[in-house]
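Chain and residue survey
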Amino acid sequence: MRNCLITACSQVGILAATAGDNGLVQNCTITYNGSYGVEARSDANGTITVSNCIARPNGNNGFYGYRSTCNLSYSNGSTVWTAGNQGVIDIDPQFVSNTDYHISQGSPCWDTGNPSLQDPDGSRSDMGYFGGPDCPIYPTVFEITITPNGSNINLEAKARANY
Ligand SMILES: [Ca+2]
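A few points on the structure. (Residues numbered from 1 in each chain as written. Predicted model: local features only at pLDDT ≥ 70, side-chain atom pairs only at ≥ 80, totals over all residues. Heavy atoms only, no water.)

To continue, consider the overall build of the protein chain. Within the protein chain, the regular secondary structure consists of zero helices and twelve strands. In sequence order, the protein chain lays out its α and β elements as β-β-β-β-β-β-β-β-β-β-β-β. The dimensions of the protein chain, computed from C-alpha atoms along their principal axes, are 70 × 30 × 25 Å. The buried share of the protein chain, taken over its 163 residues, is 40%. Long-range pairs, those at least 24 residues apart, make up 47% of the contacts in the protein chain between residues at least 6 apart in sequence. As displayed, the protein chain has an accessible area near 8300 Å², and 48% of this comes from carbon and sulfur atoms. (Helix = DSSP H or I, 4+ residues; strand = E, 2+ residues; numbered from the N terminus. Buried < 20%, exposed > 50% of the residue type's maximum accessible area, 1.4 Å probe, protein only. Contact = heavy atoms within 4.5 Å. Areas by Shrake-Rupley, 256 points an atom, 1.4 Å probe, with all protein chains shown as cover.)

Protein coordination of the calcium ion is provided by D111 (OD), D119 (OD), S123 (OG), R124 (O) and D126 (OD), with donor distances spanning 2.2 to 2.5 Å. Site description for the calcium ion: donor spacing in sequence, D-x7-D-x3-S-R-x1-D. The exposure class of S123 is partly exposed, given its relative accessible area of 21%. The class for D126 is buried, based on a relative accessible area of 7%. (Donors = N, O, S within 2.8 Å, 3.2 Å for Na, K, Ca; no water.)

One ladder, built from eleven bridges, connects strand 11 (residues 138-149) with strand 12 (residues 152-162); its direction is antiparallel. Opposite N149, over in strand 12, you have N152 as the bridge partner. Remark: two residues form the turn of the hairpin made by strand 11 and strand 12, two consecutive strands paired antiparallel; G150 in that turn has positive phi of roughly 65°. (Pairing = 2+ DSSP bridges.)

Another point: the environment of S116. The topology assignment puts S116 in the loop between strand 10 (83-86) and strand 11. The spacing of S116 and G132 is 16 residues in sequence and 9.9 Å in space, taken between C-alpha atoms. Of the polar contacts made by the side chain of S116, one reaches the side chain of N114; its length is 2.8 Å. (Polar contact = N/O pair within 3.5 Å; in protein donor to acceptor, adjacent residues only side chain to side chain.)

To continue, consider the side chain of N76. Looking at where N76 falls in the secondary structure, it is placed in the loop between strand 8 (69-73) and strand 9 (79-80). Of note is the side chain of N76, whose polar atom sits 2.6 Å from the backbone oxygen of I91. Apart from residues lying up to four places away in sequence, N76 is in contact with C53, I54, A55, R56, F63, I89, D90, I91, D92, P93, C109 and M127.

Here we come to the side chain of N52. Positionally, N52 belongs in the loop between strand 6 (47-51) and strand 7 (63-65). Residue class for N52 comes out buried when judged on its relative accessible area of 0%.

Counting residues in hydrophobic clusters, the biggest one holds 15 residues, and the most contacted among them are V25, I30, V50, C53 and F63. Of all the elements in the fold, those that place two or more residues in this core are strand 2 (14-16), strand 5 (38-40), strand 6 and strand 8. Every residue in contact with I30, bar those within four places of it in the chain, is listed here: I6, G13, I14, G37, V38, C53, I54, A55, R56 and N58. Among the nonpolar cores identified, the runner-up in size contains six residues, and I54, Y101, I103 and C109 belong to it. (Core = buried A, V, L, I, M, F, W, Y, C linked by side-chain atoms within 4.5 Å.)

Rendered as structure tokens:
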């Protein structure tokens, strides 16, 4: 699971509860859910590898490993029984707003993701949905030219990548 936004779930944002659940969760923003952000609790010792994620605020801890391994790195959220924990912080990610999950300039998630991953601009990866090599890139239109052409019009738009 890469570059997903998981928000407003009534319970856990991402739950690994089936025996043998294994997987990767990378560059996800998991926020405003009713319970844990990411919970690994299968009974068969699965391993969920979580990197470059933001899991706060949520109704319970950001990352929770229980009877299964939550191998965590370069992420932002509170932890219970997680493994690894390199580069993990628990600080306000400074979203643009409660409904816009871009991180603000100066956010502790800016350029603090896994140093082996880059953002599309070549910088060190950011944590969260808008970071990492697979982040969504939206065009921001900054110029529109409309030119009459007989009974039609020609429309030209210039845009830059925005992520
Ligand atoms: Ca970056």
